[in-house]
Amino acid sequence: MASIAVIGGGPKAAAIAAKADVLSRLSPHPVPQVTIYERTAFGAAWTGGNGYTDGLQPLCTLAERDLGFPYGRAYGTDVAEAMFARYSWQAFGVQAASGRAHYEQWVLHGRRPPAHLDFARYLDWAIRNSGAGHVHGTVTGLAHDATSHRWEVTWEDAIGRQHTDPHDAVVVTGSGPPVRPLAGAYDASNARNPRVFDGVTFWTDLDEIGRILAAEALDTRKVVLIGAGGTAAAIAHWFVRARIEVPVVIIGREPTLYARHPGYFEDRLFSDDAAWGALPAHVRDEFVRRLTTGVVWNYVLENLDGANLAYTCADAVAFRTLVGGAGLYPEVQIDIRPTVPDGAPPSTAIRPEDGAVFVDARGFDRWWFASLLPPALASHMATRPRQEAVMAAIDDALRLAAPFPAGLHVPMVASRQGPAANNLMALGWMSDRVLRAFVPPPTPLAGGGAVGTP
Ligand SMILES: Cc1cc2nc3c(=O)[nH]c(=O)nc-3n(C[C@H](O)[C@H](O)[C@H](O)COP(=O)(O)OP(=O)(O)OC[C@H]3O[C@@H](n4cnc5c(N)ncnc54)[C@H](O)[C@@H]3O)c2cc1C
């Protein structure tokens, strides 16, 4: 039996494990064994205990966009029905004894998107029910053995011992760590400036942020967020929810916080392969950029209290620690400058922006998996043009193409194949794409349907 290693126990792992379980019951073809490598706990990025969120924020997407959505018939109706019966958000709600996910409560409360923590519970439930293998450890390396044609997954256990397991394919997941810090965020000895946080440490160090703000004089108690996307908006929203009356300044390269609304014309492209495939590549890239960069779900925007919130269009350049401050924490400024068109020389009109707390919320590095690969392979992703070439060559099973050895699935950078490759919009589509490399779908019918599982 073939085996797939999934690095990270989040929604992608849960969707793949669930679909593999259902296929193993209904498909006439052998289905690969799925093994999930997770360093913390299933759904860790959603619980609130590991950064990214406080766990209490709701998902921005509908609960019904669950592990099986869109319940397409690529593998036949019986597979879609079994996915819904066993792994849908509703199936989870029906078996939940109590709480906000409990089916009746969820309906009574208006079928709202779940809180991140409830979503994490759903992921944990699904993975455990799927029978997928679980390795509790941190993956530290991926290498391909040219003789066996298998991937060697090297991982470290809780007490630092190294292990290596062979697999036929690897799926890398995860939002990745925060993007490379701006100059001045860390000192020469690699110590983080105590006033500077990022999209992970903001959530893990909330108590410390409270202490910094409490120690600040009222007229200088200001929070500066760098980045105009979902991470910055979620953090601004946290101050509203926590009822902390503090001025918040968002610095972004876009003219303002753009809003993203749910709507048929945009949303259908996440699960309509034919419509997506008909678009020219540059139009697909434009769609993904517009919906993922510098844009905030309208639900979040509506809840931002404008009174304390300001927006500045600028490029953040570097943090500067001021000498001679008398307070508990060193005084810091962020240098900012006007944005310029791509390729133009940077503006020299630099000016400082003061703050008591700074959060670098420019997002996360989805290319983080390059650090797991041997340097010769990682070098193919070392620059922006190279990354673009790699993305353009990703195949329909969301795998890297040559010169990468076969079998490395990277949904987080596979949006050319479909805009749902790296989000929650159509996890059922994503899992079908990965598993089609192993379990052939039944022959498509003319007109877009599919015959039932043979
Ligand atoms: C807070 C937050 C909210 C979001 N909300 C939405 C939303 O509402 N709708 C939407 O469509 N998209 C949303 N996104 C974006 C997107 O859906 C997710 O980033 C993406 O789908 C994450 O799912 P995942 O399965 O790839 O990984 P994750 O859920 O990020 O899971 C990755 C897992 O990998 C583990 N891990 C990391 N490195 C290693 C390693 N070396 N070895 C072993 N384990 C490792 C981590 O512990 C983590 O549990 C959100 C992202 C975040 C961070």
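Residues numbered from 1 in each chain as written. Predicted model: local features only at pLDDT ≥ 70, side-chain atom pairs only at ≥ 80, totals over all residues. Heavy atoms only, no water.

(A) Region of the structure containing the site of the ligand. Within the structure, the ligand sits among 29 residues, and Lys12, Glu38, Trp46, Cys60 and Ser175 are positioned closest to it. A distance of 2.5 Å separates an oxygen atom of the ligand from a polar side-chain atom of Lys12. Contact distances for the ligand include 2.9 Å between an oxygen atom and a backbone N or O atom of Leu424. Burial of the ligand by the surrounding chains reaches 88%, relative to a free accessible area of 990 Å². The dominant element in the shell around the ligand, judged by the number of residues it contributes, is helix H2 (residues 44-47), at 3 residues. Classifying every residue of the shell around the ligand gives 12 nonpolar, 14 polar and 3 charged. (Near = heavy atom within 4 Å. Polar contact = N/O pair within 3.5 Å; in protein donor to acceptor, adjacent residues only side chain to side chain. Areas by Shrake-Rupley, 256 points an atom, 1.4 Å probe, with all protein chains shown as cover. Helix = DSSP H or I, 4+ residues; strand = E, 2+ residues; numbered from the N terminus. Nonpolar A, V, L, I, M, F, W, Y, C, P; charged D, E, K, R; others polar.)

(B) Layout of the pattern of salt bridges. This structure, assessed with the given rule, holds 27 salt bridges. Its salt-bridge partner being Glu286, residue Arg289 comes within 3.2 Å of it at the nearest N-O pair. In this pair, Arg289 and Glu286 both sit in helix H12 (residues 281-292), 3 residues apart, roughly one turn of the helix. Owing to a relative accessible area of 41%, Glu286 belongs among the partly exposed residues under this scheme. Taken together, the shared-partner salt bridges connect Arg100, Asp118 and Arg121 into one network. (Salt bridge = Lys/Arg side-chain N within 4 Å of Asp/Glu carboxyl O. Buried < 20%, exposed > 50% of the residue type's maximum accessible area, 1.4 Å probe, protein only.)

(C) Quick peek at the sheet that holds strand E5 (residues 150-156). Taken in spatial order, the 3 strands of this open sheet run E4-E5-E6, and their pairing is antiparallel. Because the sheet does not close on itself, it has two edges, and the strands there are strand E4 (138-145) and strand E6 (162-167). Strand after strand, the sheet turns through a mean of 25 degrees between neighbouring axes, direction not considered. With 7 bridges connecting them, E4 and E5 associate as antiparallel partners. Looking across to E5, one finds that Ala143 is bridged to Glu152. (Pairing = 2+ DSSP bridges. Axes fitted to C-alpha atoms, helices over the stretch in contact; angles between N-to-C directions.)

(D) Expanded view of the domain arrangement of the chain. One can read the domain layout of the chain as domain 1 (3-177 + 365-435) and domain 2 (196-257 + 294-360). With 10 residues of domain 1 in contact, the opposing surface of domain 2 contributes 10 residues. For the pair domain 1 and domain 2, the two sides together bury roughly 860 Å², of which 67% comes from carbon and sulfur. Counting every contact that joins domain 1 to domain 2 gives 1 salt bridge. Residue Arg241 pairs with Asp54 through a salt bridge whose shortest N-O separation is 3.1 Å. Linking domain 1 to domain 2 there are 3 residue pairs in polar contact (both at pLDDT 80 or more). (Domains from an automatic or database assignment. Contact = heavy atoms within 4.5 Å. Buried area = accessible area lost by both parts, 1.4 Å probe.)

(E) Layout of the side chain of Lys19. Locating Lys19 in the fold gives a position in helix H1 (residues 11-26). There is a polar contact of 3.4 Å between the side chain of Lys19 and the side chain of Ser431. For Lys19, the contacting residues outside a window of four places in its chain are Val79, Met83, Gly428, Ser431, Asp432 and Leu435.

(F) Spatial organisation of the pairing of strand E10 (residues 248-252). Counting buried residues in E10 gives 5 out of 5 residues, a clear majority hidden from the surface. Neither face of E10 is open: one carries Val248, Ile250 and Gly252, the other Val249 and Ile251, and all of them are buried. Alignment of strand E9 (residues 223-226) against E10, held across 4 bridges, turns out to be parallel. Looking at E10, one finds that Val224 is bridged to Val249. At this point the chain moves from E9, through helix H9 (residues 230-241), to the parallel E10, and the crossover so formed is right-handed. (Right-handed = clockwise from strand over helix to strand, strands pointing away.)

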